[in-house]
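For reference, the chains in residue letters:
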Amino acid sequence: MPEITLATILAGTVVVALNAYVVLAGADFGGGVWDLLATGPRSGKQRDLVAHAIGPVWEANHVWLILAIVLLFTCFPAGFAELAITLHIPLFLMLVGIVLRGSAFSFRSYDREHDVRQEYWGRIFAVASVVTPVLLGVAVGTVAAGRVGVPRSGDFATDFLRPWLTPFAWSIGLYTLLLFAFLAAVYLTLETDDSALQEDFRARALVSGVLLFVAALVTLGLSGSAPLIRTGLLAVPGAVPLHLTTGIAAVTALVSLWKRRYRLARAAAIVQVSAILWGWALAQYPYLLPPHLSIGDAAAPAVTLRLTLGALVVGAGVLIPSLVYLFRIFKR
Amino acid sequence: MSDLLAARSQMAISLAFHILFAVVGIGMPCLMVAAEWRWSRTGDPVYLELAKRWAKGTAILFAVGAVSGTVLSFELGLLWPEFMRFAGPIIGMPFSLEGFAFFTEAIFLGIYLYGWGRISRRAHLLAGLLVALSGMLSGIFVVTANAWMNAPAGFTVVDGKPTGIDPIAGMLNSAALEQTLHMTLAAYAATGFAVAAIHAWFLRRAPESGFHRRAFAIGLLVAAPAAILQPLSGDLSARYLARHQPVKLAAAEALFETRTHAPLTLGGWPDREARTTRFAIEIPSGLSLLAYHDPAAEVKGLDTVPPSDWPNVPLVHLSFQAMVGLGTYLALVSLWVVWLALRRRDPVGHPWLLRAVIVGGPCGMLAIEAGWMLTELGRQPWTIYGVLRTAEAVTPMPGLIYPFLAITLLYCLLGVVVAWLLYSQIVTNPPATAEYA
């Protein structure tokens, strides 16, 4: 297991924030995927269900990303600077996606009555919901492949394009998209009493869950370009039990979907996705940007780390009860 | 366009766009809560309708504010990675606290917007209050981080790197109080006036509309106290600048030479080369009086630093004049309203007051834009005043004109859509004509 230092704990909180973002906001993006792919006689109802499910919570869910970024630039400023330089283009495009997704969703919700315009907003919302997670995944994949933190050569393509234009990075991008779509479909089975609609999303969850296995294999096949991650995934102590957890959770999710035990499926899917994320984080250890920048080398002075940890503890005291209250009102 | 100028322009567009929505996110919850509170006290359904209608507008504006704020948090790194490398550990504190305040705001706004009928009336009102409180706090924290760029504290530079970092000292920097006070008041004044102006427009045609009367009153109730206090807060800021950022004040006032009995320069166009301001009205000793409350006081001019360290004097001067002029106008209109209220006169019965409020509608937002231009342009060529130059902070990524153009186009489109949506929400769907006339 990783050595417990102040810097490791703070790096852990960044992963916690990312984990919450993936599990909560990830499903909001996934909802957009199912909006885009809405088909059949119930396509209108499917879209309404997605809107109904994410309406009250998406803004709060989105803040996890801001929290992760703030923690990153406060506690690991050197890592943040390198990320922002090398991944300038994909991150910028991701931001455009975030802006379009959020605005279009809100415009659609508050534009009056159903009409052509609403459909138009809906389409922008859906397309942006597909593009954004792919770019997020590409950024993660580029870090995992050890392409961020390389000294700059001065050549534009080498410094700003080639690092993230790799099959591996894009396979992680697609994997992220599938992951989000899978989560959303699983959650949506619990958002409706209409059994036909429930069946629609059960089928979608099963299909995307199976595709997720395939995508995982493809990613593993391409991971030759991320040797550190490849060895990290297996060699780091504690990694094997984590992968076992992922596997058991994944199978549990699919089996309980098959048996229509949706609550169990939702819990298993959350465990599965979280275990994947922590598996990645653990495989990177002790690096923030493997193999160039370690967590310890990237860390801000101890005083900053201590104060940030203190702020996190106090903040969590306000945040957690508020979040519990929010989800109690709108989710079951 | 050089990459540095493109990066600065992109940051400027992003800030100028976001600030409008951020301000509404601070101001509107107060108005919604005031209306809902009146409803809970009087049972008057018009107040409930008002709260719901304002909540709708707030939802659209808040969503755009949240995503444009996300853009800024990333742009700090995408455009200014060397600034963040230097400053992150020192000013991360207010940003972290802002993260939590914003979290609280987003959570309770979700509860407020979608919670009608799902939670008790009291819980709903409380949710609104929490949105208003956390909105104000998140604004204060972000402005505190900006204040640090003007008044860097909590570190010493050794070999170009910050050492002896003290994030608490960074957060309690000497500009924080003046700047956060000024911005918070501005947010209430601008939002309140914008709302009051919209309803004043309708009152001109339908002076008896209960809906618009109540909306107009709540808008001014939030705006007037803030607008009247703002010149006092501005005085604090000017005196602060005179002591700690004299170059910014000198540029704002186009004072080229250090002197006693410094005049207050109204209007005009500063000429950098000739070191004079053409076509200006000068009030003798005015600036010395304002900056030090003493007509004989010496005020530092632009000559205290080499011209290469000057900000863009004409733009800073123009921004400052615009901010002060617009703010003064709002304060005067507010005093007029207070005077009428004290004499128990109906302000709606004064067509000239209604007109004055309508004109005031955009003034608050324009004053805020001008104020931020003054703050940001006036700090140049520094990102961290006296410590890190903007040119040293920028990313090595070339071709920055493309993201600048992309974000400009995106925000122009969004701005048009939001304006049109609000217009169609309020104007083509007026409740005043049918239900509540």
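Residue positions are given per chain, counted from 1 along the sequence in the order it is written. Chain labels run from A onward and ligand labels from 1 onward, assigned in the order the entries are written. Given that this is a predicted model, residues contribute local features only at a pLDDT of at least 70 and side-chain atom pairs are listed and counted only at 80 or more, while totals for whole chains, interfaces and linings are drawn from all residues.

A.B. asks: Is there a simple way to think about the overall build of chain A in this case?
C.D. replies: In this text, helices come from DSSP runs of H or I with a minimum length of four residues, and strands from runs of E with a minimum of two, each type numbered from the N-terminal end. Secondary structure assignment for chain A yields 14 helices and two strands. On C-alpha atoms alone, chain A measures out to a radius of gyration of 20 Å, which is about the 20 Å that the 2.2 N^0.38 rule sets for 332 residues. Dimensions of chain A along its principal axes, counting C-alpha atoms only, are 55 × 40 × 40 Å. In chain A, buried positions account for 55% of the 332 residues. Computation of the radius of gyration draws on C-alpha atoms alone. For the globule rule, the value is 2.2 Å times the number of residues to the power 0.38. Burial in this document is a count-based property: other C-beta atoms within 10 Å of a residue's C-beta are tallied, and the residue is buried at 20 or more, exposed at 12 or fewer, or partly exposed in between, with C-beta positions derived from the backbone.

A.B. asks: Honestly, the overall build of chain B in this entry has me stumped. Any pointers?
C.D. replies: Helix and strand counts for chain B come out as 13 helices and ten strands. Radius of gyration (C-alpha) of chain B: 23 Å, near the 22 Å computed for a compact globule of 437 residues. If one aligns the C-alpha atoms of chain B with their principal axes, the spans along those axes are about 65 × 45 × 40 Å. Within the span of chain B, comprising 437 residues, buried residues form 56% of the whole.

A.B. asks: What's the story with the nonpolar core in this structure? I'm lost.
C.D. replies: Any set of buried Ala, Val, Leu, Ile, Met, Phe, Trp, Tyr and Cys residues joined through C-beta atoms within 7 Å is what this text calls a nonpolar core. Core analysis: the largest hydrophobic core is formed by 273 residues, its most contacted members being Ala68 and Leu183 of chain A. At 20 residues, the largest contribution of residues to this core is made by helix α3 (residues 81–114) of chain B. Two residues qualify as being in contact provided that their C-beta atoms, derived from the backbone, are within 7 Å of each other. The residues contacting Leu183 of chain A, other than those within four sequence positions of it, are Val23, Gly26, Ala27, Gly30, Ala269 and Val273 of chain A.

A.B. asks: What should I look at first to understand the packing of helix α4 (residues 121–150) of chain B against helix α6 (residues 176–205) of chain B in this one?
C.D. replies: Two packed helices can be described by the angle between their axes and the distance between those axes. Residues and elements named next belong to chain B. Inter-axis angles, ranging from 0 to 180 degrees, are taken between N-to-C directions of lines fitted to C-alpha atoms, where helices are fitted over the stretch in contact. Following both chains from N to C, one finds α4 and α6 inclined at 140°, their axes separated by 9 Å at the closest point. Judged on the interaxial angle alone, α6 and α4 are oblique. Two packed elements cross with a definite hand, and for α4 against α6 that hand is right-handed. The segment α4 lies against α6, with Met136, Gly139, Ile140, Val143, Thr144, Asn146 and Ala147 engaging Ala176, Gln179, Thr180, Met183, Thr184 and Ala187. Ten residue types, Ala, Val, Leu, Ile, Met, Phe, Trp, Tyr, Cys and Pro, are classed as nonpolar, four, Asp, Glu, Lys and Arg, as charged, and the remainder, Gly among them, as polar. A per-class count over the contact of α4 with α6 returns seven nonpolar, six polar and no charged. The cut-offs work like this: below 35 degrees is roughly parallel, past 145 is roughly antiparallel, 65 to 115 is roughly perpendicular, and the gaps in between are oblique. A crossing counts as left-handed when the near helix is turned anticlockwise from the far one by less than a right angle, and as right-handed when that turn is clockwise.

A.B. asks: I would appreciate a short explanation of the interface of chain B and chain A in the present structure.
C.D. replies: A common way to state how big an interface is: give the accessible area lost once the parts meet. Each partner contributes to the interface: chain B provides 56 residues, whereas chain A provides 52 residues. Of all the elements in the fold, those that place two or more residues in the side of chain B that touches chain A are α2 (45–79), α3 and α13 (401–426) of chain B. In terms of residue class, the side of chain B that touches chain A is built from 37 nonpolar, 14 polar and five charged.

A.B. asks: Please clarify how unusual backbone geometry should be interpreted in this entry.
C.D. replies: One can expect most non-glycine residues to show negative phi and most peptide bonds to be in trans. In this structure, Pro286 of chain A follows Tyr285 of chain A across a cis peptide bond, with omega equal to 5°. Within the secondary structure, Pro286 of chain A is located in the loop between α12 (262–284) and β1 (287–289). Of the consecutive residues Pro290 of chain A and Pro291 of chain A, the connecting peptide bond is found in the cis state with omega at -10°. Within the fold, Pro291 of chain A resides in the loop between β1 and β2 (293–294). One non-glycine residue, Ser285 of chain B, lies in positive phi territory at about 60°. Along the chain, the position of Ser285 of chain B falls in the loop between β7 (281–283) and α9 (286–292). Even without being glycine, Arg344 of chain B reaches a positive phi, approximately 55°.

A.B. asks: Just checking my understanding: could you explain helix α2 (residues 43–54) of chain A for this structure?
C.D. replies: Given 3.6 residues to a turn, an α-helix orients residues that are three or four positions apart in the same direction. Residue and element names in this part refer to chain A. To estimate how far a helix should extend, the number of its residues minus one is multiplied by 1.5 Å. Between its terminal C-alpha atoms α2 stretches 17 Å, which fits the 16 Å expected from twelve residues at 1.5 Å a residue. Buried residues of α2: Gln46, Arg47, Leu49, Val50, Ala53 and Ile54, and no others. Down the axis of α2, the buried set is contained in an arc of 160°. They therefore lie on one face. Along its buried surface, α2 packs onto α1 (6–36), α3 (58–75), α6 (116–144), α8 (167–188) and α9 (195–222). Comment: arc refers to directions from the helix axis out to C-beta atoms.

A.B. asks: I keep staring at the confidence of the model for chain B and nothing clicks. Help me out?
C.D. replies: In regions of low pLDDT, the predicted coordinates are not meant to be interpreted in detail. The score called pLDDT rates the predictor's confidence residue by residue, from a low of 0 to a high of 100. Averaged over every residue, the pLDDT of chain B is 92; residues scoring 70 or more account for 97%. Confidence drops under a pLDDT of 50 for residues 432–437 of chain B, and excluding neighbours within four residues, the segment shows 14 contacts in the predicted structure.

A.B. asks: Looking at this model, I keep getting lost on the packing of α3 of chain A against helix α14 (residues 302–330) of chain A. Mind explaining?
C.D. replies: Residues and elements named next belong to chain A. Direction vectors running N to C along α3 and α14 enclose 175°, while the axes themselves pass 12 Å from each other. With respect to α14, the axis of α3 lies roughly antiparallel. Residues Ala60, Leu71, Thr74 and Cys75 of α3 lie in contact with α14, whose contacting residues are Thr304, Leu305, Thr308 and Leu326. Looking at side-chain class alone, the contact of α3 with α14 contains five nonpolar, three polar and no charged residues.

A.B. asks: I'm lost on α3 of chain B in this one. Help?
C.D. replies: Residue and element names in this part refer to chain B. A rise of 1.5 Å per residue sets the reference length of α3, with its 34 residues, at 50 Å; its end C-alpha atoms lie only 39 Å apart and thus fall more than 12% short of the reference. Remark: the principal bend of α3, roughly 75°, maps to Gly88, with a proline, Pro89, within the next four residues. In terms of burial, α3 is a largely internal element, 33 of the 34 residues being buried. Bend is computed residue by residue as the angle between axes fitted to the seven residues ending at the residue and the seven residues starting at it.

A.B. asks: Could you clarify how one ought to interpret the environment of Ile165 of chain B in this entry?
C.D. replies: Along the polypeptide, Ile165 of chain B turns up in the loop between β2 (161–163) and α5 (167–171). Note on Ile165 of chain B: 18 C-beta atoms within 10 Å, which makes it partly exposed. Residues Ile165 of chain B and Asp3 of chain B lie 162 residues apart in sequence; the distance between their C-alpha atoms is 31 Å. Ignoring anything within four residues of it in the chain, the contact list for Ile165 of chain B reads Pro301, Val303 and Thr304 of chain A together with Pro89, Ile90, Gly154 and Phe155 of chain B.

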